[in-house]
There are 4 protein chains.
Amino acid sequence: DLPLTLIAGPCQLETRQHAFDMAGALKEIATRLGIGLVYKSSFDKANRTSLGGKRGAGLDAALPIFADIKKDLGLPILTDVHTEEQCALAGEVVDILQIPAFLCRQTDLLVAAARTGKVVNIKKGQFLAPWDMKNVVAKVTESGNANVLTTERGVSFGYNTLVSDMRALPVLRQIGAPVVFDATHSVQQPGGQGGSSGGDRRYVETLARAAVAVGVSAVFIETHQDPDHAPSDGPNMVRLGDMEALLTRLTAFDRVAKQASPS
Amino acid sequence: DLPLTLIAGPCQLETRQHAFDMAGALKEIATRLGIGLVYKSSFDKANRTSLGGKRGAGLDAALPIFADIKKDLGLPILTDVHTEEQCALAGEVVDILQIPAFLCRQTDLLVAAARTGKVVNIKKGQFLAPWDMKNVVAKVTESGNANVLTTERGVSFGYNTLVSDMRALPVLRQIGAPVVFDATHSVQQPGGQGGSSGGDRRYVETLARAAVAVGVSAVFIETHQDPDHAPSDGPNMVRLGDMEALLTRLTAFDRVAKQASPS
Amino acid sequence: DLPLTLIAGPCQLETRQHAFDMAGALKEIATRLGIGLVYKSSFDKANRTSLGGKRGAGLDAALPIFADIKKDLGLPILTDVHTEEQCALAGEVVDILQIPAFLCRQTDLLVAAARTGKVVNIKKGQFLAPWDMKNVVAKVTESGNANVLTTERGVSFGYNTLVSDMRALPVLRQIGAPVVFDATHSVQQPGGQGGSSGGDRRYVETLARAAVAVGVSAVFIETHQDPDHAPSDGPNMVRLGDMEALLTRLTAFDRVAKQASPS
Amino acid sequence: DLPLTLIAGPCQLETRQHAFDMAGALKEIATRLGIGLVYKSSFDKANRTSLGGKRGAGLDAALPIFADIKKDLGLPILTDVHTEEQCALAGEVVDILQIPAFLCRQTDLLVAAARTGKVVNIKKGQFLAPWDMKNVVAKVTESGNANVLTTERGVSFGYNTLVSDMRALPVLRQIGAPVVFDATHSVQQPGGQGGSSGGDRRYVETLARAAVAVGVSAVFIETHQDPDHAPSDGPNMVRLGDMEALLTRLTAFDRVAKQASPS
């Protein structure tokens with residue numbers, strides 16, 4: 001089993017400078033810890049709680065920035081796509097196309113992502129049982145693309161709350177694709193702040209430790225130098241300044257988990 | 001309060017003949033019962049459980065059939081849309097554009113549907129609290145279209161199960177848009193049959209009675225002359241031959257509910 | 001199918017005078033509406049959220065009052081029991097022994113209640129599926145007492161919330177015992193007010209209408225002349241002054257339901 | 001932070017010989033691993049799914065055996081109590097009185113357990129939010145006994161399923177009492193086998209690893225030399241022969257967790 005990879009970045013692309021600052025800082029941390037890093041950022045938040053929520057820079061503005069981060073910093077890039085058209089365009093630049101959880105059953109989107117040949121990271125819907133991801137993954141692999149990741153990010157538990165069922169991780173692993181644990185969206189409180197979603201970043205480490213001990217290929221952690229002023233997902237993002245200590249602890253658990261073989 | 005309206009039809013458009021047969025039979029029932037009828041059918045099932053599930057006739061084939069049912073039978077038509085492009089095209093023919101539950105947070109889709117000026121029926125996501133629909137409805141009304149319906153169709157309850165919270169109906173009503181209760185999707189067991197979704201049509205009447213007694217503007221009931229051989233949603237559709245007796249009972253409850261004013 | 005019976009009373013026995021006032025007022029309403037009435041009151045609230053919550057008059061003080069209400073007003077009495085010892089004592093006076101939801105799996109309590117020969121009303125645990133009540137009911141019937149009622153009072157749905165699954169009513173009915181719907185505990189928010197449980201009486205009518213339309217033998221409604229100053233369950237009890245109008249509406253739905261045969 | 005303690009034993013007391021065999025084998029494992037051990041066994045299964053389920057040896061038969069295991073093997077003993085009377089009797093022999101999850105809100109039972117002066121281990125009800133345990137713990141501490149443990153054992157998630165919310169562990173810890181994770185009841189499927197509860201022991205290690213990495217004082221694991229023929233809880237008990245390897249892995253995670261300070 002390979003050591004833990006980190007998928008991290010700010011929830012949405014703000015400016016070229018901000019993106020380079022974040023990617024640079026994360027690269028230094030990952031290098032010091034000896035772990036892989038995929039830089040994550042969204043060019044469009046297509047399903048904000050309300051119409052007034054900031055949506056991001058847009059695909060046209062984002063792709064050249066992604067291309068430059070990739071070239072200048074040598075980092076693979078992950079971004080999420082919402083339409084078939086975006087798959088082909090984003091697929092020319094980024095390394096991993098991510099299917100948002102709400103869209104994980106949209107066949108045409110999955111097939112379009114598959115056809116780019118890029119890695120497809122499918123977030124498990126908040127409304128899905130982990131075993132139901134088998135059919136979802138098959139929509140990509142039967143379209144000729146075996147490079148699939150699945151991501152656990154919590155399941156609906158009453159209203160405005162998610163719960164992370166750690167049993168989902170071995171169930172997803174049995175499907176055959178590497179499993180990612182999204183530690184920041186898992187602490188979201190969907191719609192929990194009226195006009196936006198809430199969250200509780202105090203539990204990011206709780207859930208990340210649990211998932212790493214169970215055994216995952218990667219953790220997904222959104223981060224920002226000042227989350228409380230970030231344009232989206234502030235309540236659940238981890239402060240950039242807390243990332244290295246958090247990851248130091250997670251890699252210690254990962255080493256035990258990888259020695260022990262996954263549960 | 002106006003009497004109950006029926007939104008009904010087979011889950012997916014099969015053939016022109018089948019559509020006319022179903023629409024004609026439903027029109028006779030609605031006429032005998034003195035209730036309004038909207039004919040519902042999908043041209044594309046875009047989020048089947050697995051890649052092999054039948055998807056339907058497609059938009060190009062469906063629109064002329066919808067137009068002819070509308071003209072020949074005088075019935076308003078409802079269909080669901082999955083992309084911005086489909087909104088404009090379908091909006092030229094049908095009367096009500098329906099936003100699927102999984103897509104109810106996709107801002108661009110809601111705005112595109114709103115811009116057609118047609119009635120927009122938004123299904124509440126299985127992952128949403130009823131009060132969260134306020135922001136969803138506002139995405140349409142703030143785009144200049146006040147003709148919105150909301151539809152309750154169950155909320156995630158553990159794995160592979162939905163539950164219908166009847167308190168959601170008055171909560172939705174307070175948002176200001178007429179409320180529809182979808183009695184057939186509410187008994188779905190998502191992913192519950194491995195490669196397809198299960199359901200239990202025995203409970204359609206249970207939930208429909210409950211919702212009508214609480215007070216709704218319309219019930220949504222998918223129906224088929226032979227549900228066990230229908231290309232999708234068979235386990236939860238009501239047999240066409242059972243519809244008139246079911247609706248007779250529902251309208252009796254509706255009369256009491258409308259006299260009593262909604263709960 | 002017999003018309004709806006009402007099981008009602010204040011959550012806990014306060015004083016002799018209060019009990020007679022409440023029972024007398026409820027009897028007048030039931031007589032005017034032509035429905036059966038069972039007077040409900042607790043002598044001990046054995047599972048208050050916190051140690052400081054008022055627990056009630058106690059069994060010794062309560063039994064003579066129950067006996068006098070029964071004799072003077074001619075009303076059958078229901079009270080809840082928490083230990084084997086209480087079953088025998090309460091069973092000498094009251095007509096229906098009620099097993100609290102948290103205790104519905106305690107074999108010795110069920111058997112002791114069964115052995116009194118009185119009617120046993122078992123509340124379905126918030127942690128139980130409706131079909132699991134089959135084994136619970138059998139613990140009473142296999143102890144030689146066929147006089148069992150089952151009561152639906154909501155199921156856990158995330159934290160601090162219950163949801164009422166209306167499908168539970170026909171599932172419970174198939175077990176063979178008459179089904180009661182507890183409309184006031186179903187709107188409880190367990191622990192939702194820190195040191196006590198919250199609730200939302202606005203939805204009592206919503207859920208009661210739904211259940212009556214589905215078809216039940218009785219509704220259980222806790223009531224108080226001044227719920228906001230009641231010693232327990234205030235947030236979910238119905239104002240005594242609202243009971244007659246509420247019951248008038250419920251009996252109208254019940255007449256339709258009983259004509260239609262249960263769903 | 002102290003190293004992990006193990007609370008383990010067969011679900012129910014079978015015979016004196018069986019109890020000594022199990023306790024002896026567990027003591028050897030704990031000694032080799034250098035961890036503390038509390039021997040757990042039930043003298044009565046008071047809430048079996050159905051009347052026919054085996055209930056155990058009874059209190060009178062069990063207490064002398066518990067006393068001898070304590071004396072001969074030097075192990076502290078934990079058993080669960082269901083009535084006030086049992087508290088005083090069991091409290092003369094055992095070291096930890098355990099309050100079953102279904103009974104965790106029963107005030108008189110908690111107070112009676114508190115008054116023995118023994119450690120009281122309260123299992124969190126499947127229907128409770130973790131923060132609601134604050135009031136439950138206070139029922140014991142305000143009765144003059146500060147020796148309280150709380151145990152997480154899963155929360156209701158739809159029907160016949162529990163989910164383990166790892167965020168519950170830090171929430172419980174903040175109440176101030178040491179936190180135990182019950183890894184075998186957390187994989188129960190309540191009522192899931194018709195006449196008895198099911199479970200899935202494949203996920204015991206998954207959940208135990210997760211909880212230990214988050215940080216707990218003890219893990220609770222029911223075990224049996226032949227679980228598939230055990231009189232109760234077979235589907236979720238761990239084979240005795242698998243315990244040492246499992247605990248070796250758990251203690252490795254515990255060392256990392258205790259160095260890191262709890263999440």
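Residues numbered from 1 in each chain as written. Chains lettered and ligands numbered in written order. Predicted model: local features only at pLDDT ≥ 70, side-chain atom pairs only at ≥ 80, totals over all residues. Heavy atoms only, no water.

**Student:** Provide a residue-level description of the interface of chain A and chain B, including the pertinent values.
**Tutor:** The interface is formed by 37 residues belonging to chain A together with 37 residues belonging to chain B. In total, chain A and chain B occlude about 3,300 Å² of area from one another, counting both sides; carbon and sulfur atoms represent 50% of this. Area buried by chain A at its contact with chain B is led by A:Leu51, A:Arg105 and A:Tyr159, which between them contribute 23% of it. Here A:Arg55 ties to B:Asp108 by a salt bridge, and the two come within 2.7 Å at their closest N and O atoms. Taken together, the links from chain A to chain B amount to 12 residue pairs in polar contact (both at pLDDT 80 or more). Considered class by class, the residues forming the side of chain A that touches chain B number 14 nonpolar, 14 polar and nine charged. (Contact = heavy atoms within 4.5 Å. Buried area = accessible area lost by both parts, 1.4 Å probe. Salt bridge = Lys/Arg side-chain N within 4 Å of Asp/Glu carboxyl O. Polar contact = N/O pair within 3.5 Å; in protein donor to acceptor, adjacent residues only side chain to side chain. Nonpolar A, V, L, I, M, F, W, Y, C, P; charged D, E, K, R; others polar.)

**Student:** Please give an account of the pairing of strand S9 (residues 179-182) of chain C that cites residues and values.
**Tutor:** All names here are of chain C. Side-chain alternation along S9 places Val179 and Phe181 on one buried face and Val180 and Asp182 on a second face that is also buried. Across three bridges, the pairing between strand S6 (residues 148-152) and S9 is parallel. Bridge assignment links Thr151 to a residue of S9, and that residue is Val180. Relative to strand S12 (residues 218-224), S9 runs parallel, the two sharing three bridges. Its bridge partner lying in S12, Asp182 is registered against Phe220. (Buried < 20%, exposed > 50% of the residue type's maximum accessible area, 1.4 Å probe, protein only. Helix = DSSP H or I, 4+ residues; strand = E, 2+ residues; numbered from the N terminus. Pairing = 2+ DSSP bridges.)

**Student:** Describe the environment of C:Ala46, listing the residues and the values that go with them.
**Tutor:** Relative to the elements of secondary structure, C:Ala46 occurs in the loop between strand S2 (36-40) and helix H2 (59-73). A relative accessible area of 6% means that C:Ala46 is categorised as buried. C-alpha of C:Ala46 to C-alpha of C:Ser164: the two residues are 118 residues apart in sequence and 24 Å apart in space. In this view, C:Ala46 contacts C:Arg55, C:His82, D:Arg105, D:Gln106 and D:Thr107; residues no more than four positions away in its chain are not counted.

**Student:** Report on the pairing of strand S2 (residues 36-40) of chain D, specifying residues and quantitative values.
**Tutor:** Residue and element names in this part refer to chain D. Of all the five residues making up S2, four are buried; the element is thus mostly covered by neighbouring parts of the structure. Taken together, the four bridges between strand S1 (residues 5-9) and S2 define a ladder with parallel strand orientation. Paired with Thr5 across the strands is Gly36, a residue of S2. This β-α-β element, S1 to helix H1 (residues 16-33) to S2, shows right-handed connectivity. Both S2 and strand S3 (residues 77-80) contribute to a ladder of two bridges, which runs parallel. From the neighbouring strand, Lys40 faces S3, where its bridge partner is Leu78. For the crossover from S2 across helix H2 (residues 59-73) to S3, the handedness is right-handed. (Right-handed = clockwise from strand over helix to strand, strands pointing away.)

These results come straight from atomic positions and should not be treated as a statement about function.
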